[in-house]
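Residue strings, one per chain:
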Amino acid sequence: MSTAPLTLDVDDVDEVSWEYARRGWSDGLPIVPPTPERVARMLAGVTDPERLIAVLPPRNGRATIEMIAVNAVMAGCRPEYLRVVVAALTALGQPAFNLRSIQATTHPASPLLIVNGPIRQELGVHGGSGCFGAGFLANATIGRAVRLVLRNVGGGIPGSGDRATHGHPGKYSYCIAENEEENPWQPLHVDRGFDAGANTVTVIGCEAPHNINNHVGDTAEHILGTCADGMIDLGTNNPFATKTTQMTLVLCPEHAATVAGDGWSKDDVRKYLYERARRTLRELKTGGLWNMHSWPNWYDVEHDDARLPVVSDPSNFVIVVAGGEGKHSTVLPTTGSTRSVTVEIPALL
Amino acid sequence: MIEVFDPRGEIEPIVVARPAYPADLRGLRVGAIENTKHNAGFLISGIIRHLAAEHGMVDTGVRRKDFSSVGATVEMLDETARDCDLVLLGTAD
């Protein structure tokens, strides 16, 4: 390590957690003390621990691999998870993601991590039943490590660098795998130009999942109609920030099977949502961001009956398949100022 | 006693050159980049009017970002730098 450890005058591990919380260095849950021995174990095999991965706003903290490792230890990560955490922070550092807005906004957004490729099984990143919830070591600790880095290195501290009015539970941890095995189409990372055998992580700055319950639909149109309806909530940012953002739909395997069973491709899904997920100008005038909107110049803002789409073109729908049995899909609105980014997870650091 | 690491790491320094303050505001050009938030826009517009009326500054108008939490475009920044001696920014609501 390039920095020296500090000495805490405490008697046991519990007190380390309490002391870190007192100093504002934790998320409030117990941490694994980042001792020199544990951090060295996390960094085993890393060729350049001082390599800078990203400079994180609003604190402008330097997220080096070794500092990421300190936080990964605290989060409870196994050492083999570190390269996923590093890849996620690489993605978060890309300008298109606009991390400053996600870190500092009053809006309840946090980066969701979606892992694709064989590494899902290798590390046990879960994309099946209950994947957004608790109970999965890799999901919980990889997501938590990213959050701790954003807090400690990036300064995303509630009420200070993070001005979220409420935030959301994904600010503890927000990480899933895509359920590629039950995806009837090509997976997300292949949509993004990667080989099917590549390992990737995609970051999406979004709200907590909004449930789409459809237990009766047996056609693509019925299921996607309810999904589209969930995308045009007048209290969300997306309908008003069409020029600058995307919309993510996480289909459950059963819904995806029904849609694909009707012969619909992912592009068909996007085109349908583009036509269906719309509000009239009259309705949008009653929304929470009226006159703060960012719309493409070609939008018809003269006629109250004009139906304006929730994204500027169909390619801005991000389609993912995840979850287990059941007929619940989920929509993930954003701040309106961020775009998802996918990067390859390196084999070695 | 236990040895542990501080998880915050170092800060990347940002160096911002601050121009010398003018002795007189009269004749200088004032403008704004408004961030779409109503109250910030209200405040900024009022300050510009005050600077023009009371201090003789030239009002070059208010430019508007695409959305509150995206940065101004390079084109907007270049135009603003070219046309203004003083620029007000709105960030809060």
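In this text the structure is predicted, and so the values were computed from the model without any measurement. Counting restarts for each chain: residues are numbered from 1 in the order of the written sequence. Working convention: letters from A go to chains and numbers from 1 go to ligands, in the order in which they are written. In view of the model being predicted, local features appear only for residues whose pLDDT reaches at least 70, and side-chain atom pairs are presented and counted only at 80 or more, with totals across whole chains, interfaces and linings using the full set of residues.

Re the overall build of chain A
Rules: Helix numbering and strand numbering both begin at the N terminus, where a helix is a DSSP run of H or I of at least 4 residues and a strand a DSSP run of E of at least 2. Put simply, the radius of gyration uses C-alpha atoms, and a globule should come to 2.2 Å times the residue count raised to 0.38. Any residue whose C-beta has 12 or fewer other C-beta atoms within 10 Å is treated as exposed, any with 20 or more as buried, and any in between as partly exposed, C-beta atoms being built from the backbone.
Scanning chain A from terminus to terminus reveals twelve helices and 13 strands. The C-alpha atoms of chain A give 21 Å as radius of gyration, which agrees with the globular expectation for 349 residues (20 Å, within 12%). Based on the C-alpha atoms only, the size of chain A along its principal axes is roughly 65 × 40 × 30 Å. Taken over 349 residues, chain A has a buried fraction of 53%.

Some words on the sheet that holds strand E4 (residues 110-116) of chain A
Pairing between the strands of a sheet comes from backbone hydrogen bonds, and it takes one of two forms, parallel or antiparallel. All names here are of chain A. Rules: DSSP bridges decide pairing: two strands pair if at least two such bridges lie between them. Structural elements are reduced to axes, namely lines fitted to C-alpha atoms, with helices fitted over the stretch in contact, and the angle between N-to-C directions of any two is expressed from 0 to 180 degrees. Once C-beta atoms are placed from the backbone, any two residues with those atoms within 7 Å are in contact.
Strand order across the open sheet formed by four strands is E5-E4-E6-E13, with mixed pairing between neighbours. Looking at strand neighbours, the two that pair on one side only are strand E5 (175-177) and strand E13 (341-344), the edges of this open sheet. Between one strand axis and the next, the sheet turns through 25 degrees on average, direction left out of account. Here helix H4 (residues 82-92) sits on the sheet in contact with E4, strand E6 (200-206) and E13, set at roughly 50 degrees to E6.

Looking at the environment of A:Arg147
All names here are of chain A. Secondary-structure assignment places Arg147 in helix H7 (residues 137-152). Under the C-beta neighbour-count criterion, Arg147 is labelled buried, with 23 such atoms within 10 Å. Between the alpha carbons of Arg147 and Asp304 there is a distance of 43 Å; along the sequence they are 157 residues apart. For Arg147, the contacting residues outside a window of four places in its chain are Asp27, Lys171, Tyr172 and Ser173.

Observations concerning the sheet that holds strand E4 (residues 86-89) of chain B
Residues and elements named next belong to chain B. The three strands are arranged E3-E2-E4 in an open sheet whose pairing can be described as parallel. For this open sheet the edge positions go to strand E3 (58-64) and E4, each flanked by a neighbour on one side alone. The mean angle between the axes of side-by-side strands here comes to 20 degrees, regardless of whether they run parallel or antiparallel. Across four bridges, strand E2 (residues 29-34) lies against E4 in parallel orientation. Counted as the bridge partner of Ile33 is Leu89 from E4. Lying on the sheet, helix H1 (residues 38-55) is in contact with E2, E3 and E4; it crosses E2 at an angle near 175 degrees.

A closer look at the nonpolar core
A general tendency of soluble globular proteins is for nonpolar side chains to be buried together. This is how it is decided: Connectivity within a nonpolar core runs through C-beta atoms within 7 Å, and the core itself is a set of buried Ala, Val, Leu, Ile, Met, Phe, Trp, Tyr and Cys residues.
Ranked by size, the top nonpolar core spans 97 residues in total, and within it A:Ile68, A:Ala72, A:Val85, A:Ala88, A:Leu89, A:Leu113 and A:Val201 carry the most contacts. Sequence-distant contacts of A:Leu113, that is, excluding residues within four places in its chain, are made with A:Ala88, A:Ile142, A:Gly143, A:Val146, A:Tyr174, A:Cys175, A:Val201 and A:Val203.

Some remarks on the interface of chain A and chain B
This is how the line gets drawn: In this classification, Asp, Glu, Lys and Arg are treated as charged, Ala, Val, Leu, Ile, Met, Phe, Trp, Tyr, Cys and Pro as nonpolar, and every other residue, Gly included, as polar.
Every contact between the two is made by 39 residues of chain A and, on the other side, 20 residues of chain B. Contributing elements (two or more residues each) for the side of chain A that touches chain B: strand E1 (6-8), helix H2 (36-42), strand E3 (61-64), helix H3 (65-75) and H7 of chain A. It is H3(A) that provides the largest number of residues to the side of chain A that touches chain B, a total of four residues. Taken together, the residues of the side of chain A that touches chain B break down into 19 nonpolar, 16 polar and four charged. Relative to strand E1 (residues 2-4) of chain B, E1(A) runs antiparallel, the two being bridged by three bridges. Within the sheet, the bridge partner assigned to A:Thr7 lies in E1(B) and is B:Glu3.

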